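Each chain is listed here by its residues.
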Amino acid sequence: MTDVLTGVRYVAALAVAGGRLYWADGLQMSIRSALLDASGRVVAASVAQSVDLVAMPSVLAFPPGATSPLYYVDQARPASLLRATSDGNATQLVVQYGLSRPRGIAVAPSAGLLLLVDEGTAKVMAIPTGEANPTVVELYHWEDAFSPRGIAIRQDVSVRLPSLVGTGTNGD
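Now for a look at the structure at hand. Every value quoted in this text rests on a predicted model; they were computed, and no experiment measured them.

1. Section: the pattern of salt bridges
For side chains bearing opposite charge, pairing can occur when the charged atoms are close.
Point 1. Applying the stated criterion across every chain yields a total of four salt bridges.
Point 2. Arg103 is the partner of Glu119 in a salt bridge, and the nearest nitrogen-oxygen pair spans 3.0 Å. Pair noted here: Glu119 is in the loop between β10 (113-118) and β11 (123-128) and Arg103 is in strand β9 (residues 102-108), with a separation of 16 residues, a long-range link.
Point 3. Its relative accessible area of 15% is what places Glu119 among the buried residues.
Point 4. For Arg103, a relative accessible area of 23% translates into the label partly exposed.
Point 5. Several salt bridges share partner residues, and in doing so they unite Arg101, Arg103 and Glu119 into one network.

2. Quick word on unusual backbone geometry
Apart from glycine, the bulk of residues carry a negative phi angle, and the bulk of peptide bonds sit in the trans form.
Point 1. Residue Pro69 is bonded to the preceding Ser68 through a cis peptide linkage, with omega at 0°.
Point 2. For Pro69, the position within the fold is in the loop between β5 (57-61) and β6 (70-74).
Point 3. Located in the positive-phi region is Ala122, a residue other than glycine, with phi close to 60°.
Point 4. If you trace the backbone, Ala122 turns up in the loop between β10 and β11.
Point 5. Taking the relative accessible area as the measure of exposure, Ala122 reaches 12% and is therefore buried.

Rules used throughout
Residues numbered from 1 in each chain as written. Predicted model: local features only at pLDDT ≥ 70, side-chain atom pairs only at ≥ 80, totals over all residues. Heavy atoms only, no water. Salt bridge = Lys/Arg side-chain N within 4 Å of Asp/Glu carboxyl O. Helix = DSSP H or I, 4+ residues; strand = E, 2+ residues; numbered from the N terminus. Buried < 20%, exposed > 50% of the residue type's maximum accessible area, 1.4 Å probe, protein only.

This is the structure we're talking about:
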(Lines give C-alpha, C1' and ligand atoms only; values in the text may rest on other atoms or scores of the structure.)
Protein backbone atom coordinates (compact mmCIF):
# COMPACT_ATOMS: atom_id res chain seq x y z
CA MET A 1 0.00 0.00 0.00
CA THR A 2 2.81 2.47 0.71
CA ASP A 3 3.98 2.14 -2.92
CA VAL A 4 0.66 3.55 -4.09
CA LEU A 5 -0.17 5.95 -1.27
CA THR A 6 2.87 8.12 -0.72
CA GLY A 7 3.19 9.88 2.60
CA VAL A 8 1.04 7.39 4.49
CA ARG A 9 3.13 6.16 7.40
CA TYR A 10 0.67 5.49 10.19
CA VAL A 11 -2.50 3.62 9.24
CA ALA A 12 -4.52 2.62 12.29
CA ALA A 13 -7.48 1.00 10.49
CA LEU A 14 -8.79 0.11 7.04
CA ALA A 15 -12.27 -0.34 5.59
CA VAL A 16 -13.65 -0.80 2.06
CA ALA A 17 -17.05 0.47 0.92
CA GLY A 18 -18.58 1.65 -2.32
CA GLY A 19 -15.46 1.07 -4.39
CA ARG A 20 -13.27 3.14 -2.05
CA LEU A 21 -10.56 2.27 0.46
CA TYR A 22 -10.82 4.21 3.74
CA TRP A 23 -8.03 4.50 6.26
CA ALA A 24 -7.53 6.16 9.64
CA ASP A 25 -4.46 8.36 9.18
CA GLY A 26 -2.98 9.19 12.58
CA LEU A 27 -0.36 11.61 11.22
CA GLN A 28 -2.89 13.61 9.18
CA MET A 29 -5.45 13.45 12.04
CA SER A 30 -8.16 12.42 9.60
CA ILE A 31 -9.94 9.62 7.84
CA ARG A 32 -8.94 9.52 4.20
CA SER A 33 -10.14 7.56 1.19
CA ALA A 34 -9.22 6.69 -2.37
CA LEU A 35 -10.99 5.05 -5.30
CA LEU A 36 -10.22 1.44 -6.11
CA ASP A 37 -9.85 0.40 -9.74
CA ALA A 38 -11.42 -2.75 -11.21
CA SER A 39 -8.49 -4.88 -10.03
CA GLY A 40 -8.83 -3.57 -6.45
CA ARG A 41 -5.77 -1.31 -6.58
CA VAL A 42 -5.85 2.24 -5.27
CA VAL A 43 -6.12 5.05 -7.81
CA ALA A 44 -3.51 7.36 -6.27
CA ALA A 45 -4.86 10.54 -7.88
CA SER A 46 -8.20 10.03 -6.12
CA VAL A 47 -6.99 10.38 -2.49
CA ALA A 48 -9.34 12.63 -0.52
CA GLN A 49 -10.09 13.66 3.04
CA SER A 50 -13.27 11.96 4.22
CA VAL A 51 -13.45 13.16 7.83
CA ASP A 52 -11.25 16.02 9.06
CA LEU A 53 -9.86 16.79 12.52
CA VAL A 54 -10.00 13.36 14.13
CA ALA A 55 -7.36 13.64 16.86
CA MET A 56 -6.57 9.91 17.15
CA PRO A 57 -8.54 7.91 14.55
CA SER A 58 -8.34 4.18 15.15
CA VAL A 59 -11.26 1.90 14.25
CA LEU A 60 -13.45 2.05 11.11
CA ALA A 61 -16.57 0.12 10.10
CA PHE A 62 -19.36 0.31 7.56
CA PRO A 63 -22.58 -1.71 7.57
CA PRO A 64 -22.02 -4.71 5.26
CA GLY A 65 -22.66 -3.80 1.63
CA ALA A 66 -23.34 -0.14 2.45
CA THR A 67 -21.40 3.06 1.78
CA SER A 68 -22.81 5.00 4.71
CA PRO A 69 -22.74 5.61 7.58
CA LEU A 70 -19.07 5.29 8.48
CA TYR A 71 -18.59 4.43 12.16
CA TYR A 72 -15.23 5.32 13.66
CA VAL A 73 -13.43 5.71 16.96
CA ASP A 74 -11.44 8.75 18.05
CA GLN A 75 -9.06 7.61 20.81
CA ALA A 76 -8.50 11.17 22.12
CA ARG A 77 -9.62 11.62 25.69
CA PRO A 78 -12.37 10.84 26.24
CA ALA A 79 -12.46 8.06 23.66
CA SER A 80 -15.54 8.43 21.46
CA LEU A 81 -17.55 6.47 18.91
CA LEU A 82 -18.78 8.63 16.04
CA ARG A 83 -20.84 8.26 12.88
CA ALA A 84 -20.45 10.18 9.60
CA THR A 85 -21.54 9.99 6.02
CA SER A 86 -18.79 8.49 3.86
CA ASP A 87 -17.88 11.98 2.56
CA GLY A 88 -17.43 13.30 6.11
CA ASN A 89 -20.56 15.42 6.25
CA ALA A 90 -23.04 15.13 9.12
CA THR A 91 -20.66 13.76 11.77
CA GLN A 92 -22.51 12.73 14.95
CA LEU A 93 -21.28 11.62 18.35
CA VAL A 94 -22.71 8.18 19.17
CA VAL A 95 -21.03 7.31 22.50
CA GLN A 96 -18.53 9.39 24.44
CA TYR A 97 -18.53 8.31 28.07
CA GLY A 98 -17.73 4.85 29.37
CA LEU A 99 -15.16 4.01 26.69
CA SER A 100 -11.50 3.55 27.46
CA ARG A 101 -9.59 1.81 24.65
CA PRO A 102 -12.10 0.75 21.97
CA ARG A 103 -10.40 -1.71 19.62
CA GLY A 104 -13.06 -3.03 17.27
CA ILE A 105 -16.48 -2.30 15.79
CA ALA A 106 -18.81 -4.61 13.89
CA VAL A 107 -22.14 -3.52 12.41
CA ALA A 108 -25.17 -5.84 12.52
CA PRO A 109 -27.69 -3.91 10.38
CA SER A 110 -30.42 -6.56 10.55
CA ALA A 111 -30.42 -6.22 14.35
CA GLY A 112 -29.86 -2.45 14.32
CA LEU A 113 -26.76 -2.87 16.48
CA LEU A 114 -23.10 -2.04 16.66
CA LEU A 115 -20.85 -4.36 18.63
CA LEU A 116 -17.85 -2.69 20.19
CA VAL A 117 -14.84 -4.27 21.91
CA ASP A 118 -13.20 -2.09 24.55
CA GLU A 119 -9.87 -3.39 25.83
CA GLY A 120 -9.68 -0.75 28.58
CA THR A 121 -13.00 -1.61 30.20
CA ALA A 122 -12.66 -5.33 29.35
CA LYS A 123 -16.12 -5.38 27.74
CA VAL A 124 -17.97 -6.27 24.58
CA MET A 125 -20.87 -3.84 24.22
CA ALA A 126 -23.96 -3.61 22.03
CA ILE A 127 -25.09 -0.18 20.89
CA PRO A 128 -28.38 0.43 19.03
CA THR A 129 -27.71 2.27 15.74
CA GLY A 130 -31.02 4.11 15.35
CA GLU A 131 -31.12 6.03 18.63
CA ALA A 132 -29.98 9.59 19.28
CA ASN A 133 -28.68 8.79 22.79
CA PRO A 134 -28.26 5.02 22.71
CA THR A 135 -28.21 2.84 25.78
CA VAL A 136 -25.01 0.81 25.81
CA VAL A 137 -25.57 -2.80 26.86
CA GLU A 138 -22.72 -4.91 28.21
CA LEU A 139 -22.70 -8.30 26.49
CA TYR A 140 -19.52 -9.75 27.90
CA HIS A 141 -16.95 -8.79 30.53
CA TRP A 142 -13.64 -10.58 30.86
CA GLU A 143 -11.41 -10.77 33.93
CA ASP A 144 -8.39 -12.60 32.59
CA ALA A 145 -5.65 -11.94 30.07
CA PHE A 146 -8.15 -12.01 27.18
CA SER A 147 -7.57 -8.84 25.18
CA PRO A 148 -9.36 -8.76 21.81
CA ARG A 149 -8.19 -6.40 19.10
CA GLY A 150 -11.26 -6.61 16.91
CA ILE A 151 -14.69 -8.10 16.39
CA ALA A 152 -16.62 -9.47 13.41
CA ILE A 153 -20.17 -10.64 12.81
CA ARG A 154 -21.15 -13.41 10.44
CA GLN A 155 -23.92 -11.93 8.32
CA ASP A 156 -25.69 -15.28 8.04
CA VAL A 157 -26.25 -15.40 11.81
CA SER A 158 -28.98 -13.50 13.63
CA VAL A 159 -27.78 -11.13 16.36
CA ARG A 160 -30.08 -9.94 19.15
CA LEU A 161 -29.70 -8.36 22.52
CA PRO A 162 -30.05 -10.73 25.46
CA SER A 163 -33.10 -10.37 27.66
CA LEU A 164 -32.51 -7.70 30.26
CA VAL A 165 -35.02 -9.26 32.68
CA GLY A 166 -33.53 -9.95 36.10
CA THR A 167 -30.40 -8.55 37.64
CA GLY A 168 -28.85 -11.59 39.33
CA THR A 169 -25.46 -12.92 38.31
CA ASN A 170 -26.82 -16.44 37.76
CA GLY A 171 -29.16 -15.39 34.93
CA ASP A 172 -32.36 -14.97 36.95
